[in-house]
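Structural characterization, general
For reference, the chains in residue letters:
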Amino acid sequence: MFMMPTIDMVATGKNIERLRKAAGLSVRDLQDVFGFATPQAIYKWQHGTAMPTIDNLVVLAALLQVKIDDILVVDATIQVQISA
């Protein structure tokens, strides 16, 4: 059996919100940095209904001064049978 890692989107979203607040940044600040016309993408990230793209994740980690691994919450509880 192989433990398939998956991203827990809701927990990751909570992490993004927590890290954003700890960095003293508002949703509007992130919206401006990413050049989004509306803050909806940021709210979707925080609620776990969407994930940042890889490019945006790299920028987000740099902006929050953390590693990408500190943003993502990975759950490795799904077991997958691998055929040989």
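One can find the structure itself at the top, above this paragraph.
Okay, so let's go over this structure. Note that this is a predicted model, so its numbers are computed, not measured. (Residues numbered from 1 in each chain as written. Predicted model: local features only at pLDDT ≥ 70, side-chain atom pairs only at ≥ 80, totals over all residues. Heavy atoms only, no water.)

Along the chain, the regular secondary structure elements total 5 helices and 2 strands. With the principal axes as the frame, the chain shows a C-alpha extent of 50 × 25 × 20 Å. Per-residue burial for the chain yields a buried fraction of 26% across its 84 residues. Pairs at least 24 apart in sequence give 66% of the contacts found in the chain among residues at least 6 apart. Accessible surface, the chain as shown: approximately 5,400 Å² in total, 58% of it carbon and sulfur. The average position of the 7 basic charges and that of the 8 acidic charges among the side chains of the chain differ by 6 Å. (Helix = DSSP H or I, 4+ residues; strand = E, 2+ residues; numbered from the N terminus. Buried < 20%, exposed > 50% of the residue type's maximum accessible area, 1.4 Å probe, protein only. Contact = heavy atoms within 4.5 Å. Areas by Shrake-Rupley, 256 points an atom, 1.4 Å probe, with all protein chains shown as cover. Lys, Arg positive; Asp, Glu negative; His and termini not counted. Charge placed at Lys NZ, Arg CZ, Asp CG, Glu CD.)

Where two aromatic rings form a pair, the distance of their centres and the angle of their planes describe that pair. Enumeration over the complete set of coordinates arrives at 3 aromatic pairs. Taking the centre distance of 5.3 Å and the plane angle of 90° together, the rings of Phe34 and Trp45 count as edge-to-face. With Phe34 in helix H2 (residues 27-34) and Trp45 in helix H3 (residues 40-47), the pair connects residues that are 11 residues apart, well separated along the chain. On the basis of relative accessible area, Trp45 is assigned to the buried category, the value being 3%. By way of ring pairs, the aromatic residues Phe34, Phe36 and Trp45 are connected into one cluster. (Phe/Tyr/Trp six-rings, centres within 6.5 Å; stacked < 30°, edge-to-face > 60°.)

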